[in-house]
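Each chain is listed here by its residues.
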Amino acid sequence: MPECTIPSPQGPICITQSGEAIVCVTWGSGRREDSPLLAEAERQLTAYFAGDLKDFDLPLAPSGSPFQKSVWDAMLAIPYGKTRTYGDLAQDLGSVARAVGGACGSNPIPIIIPCHRVLAAAGELGGFSGGEGRSTKTELLVLEGALKEQLSFF
């Protein structure tokens, strides 16, 4: 599968393509391969980190169960700079917060599918499986204006 690594404020990010869709975004380095789709993904992520892009327009094909895909679709509906809770999404989907949290944690395309916009009850930050975990989640929420300042959890 073609992939490329791009710099980000949270360290290198590897974008993976399968067919004509993005299937994975991970922190770390991978091969550098060129394709029009990877070039567009790089352009959009670079613009996002610069604060110049609020809505991604990329074909996505995350691999997961029907329930996981329903959670990821719900996350895609959360606007830039806004947050929802695991409980909110669970209520919308007729599920429980723990199951939604599990689906968030298994999101193969973080940032683009914005699992960082999902918080625990009472606005607690909750977890984040990408980058440096909660500090990366905080940085993304600050970038989007969803948090007014960096929070320290360490």
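Please refer to the structure higher up on the page.
Note that this is a predicted model, so its numbers are computed, not measured. (Residues numbered from 1 in each chain as written. Predicted model: local features only at pLDDT ≥ 70, side-chain atom pairs only at ≥ 80, totals over all residues. Heavy atoms only, no water.)

### Things to note about the pairing of strand E3 (residues 21-27)
Where strand E2 (residues 13-18) lies against E3, six bridges are found, and the strand directions are antiparallel. Bridged to Ile 13 within E3 is Trp 27. Counting the residues that bridge the hairpin from E2 to E3 gives two residues, and of these Gly 19 lies at a positive phi of roughly 60°. (Pairing = 2+ DSSP bridges. Helix = DSSP H or I, 4+ residues; strand = E, 2+ residues; numbered from the N terminus.)

### Some points on the packing of aromatic side chains
Working definition: an aromatic ring pair is given by the centre-to-centre distance plus the angle between the planes. Within the structure shown, the criterion is met by four aromatic pairs. Considering the side-chain rings of Tyr 48 and Phe 49, the 5.3 Å spacing of their centres and the 70° angle between planes classify their relative orientation as edge-to-face. Side by side, Tyr 48 and Phe 49 carry an identical accessibility label, which is buried. The rings of Tyr 48, Phe 49, Phe 56 and Tyr 80 are connected pair by pair, giving a single aromatic cluster. (Phe/Tyr/Trp six-rings, centres within 6.5 Å; stacked < 30°, edge-to-face > 60°. Buried < 20%, exposed > 50% of the residue type's maximum accessible area, 1.4 Å probe, protein only.)

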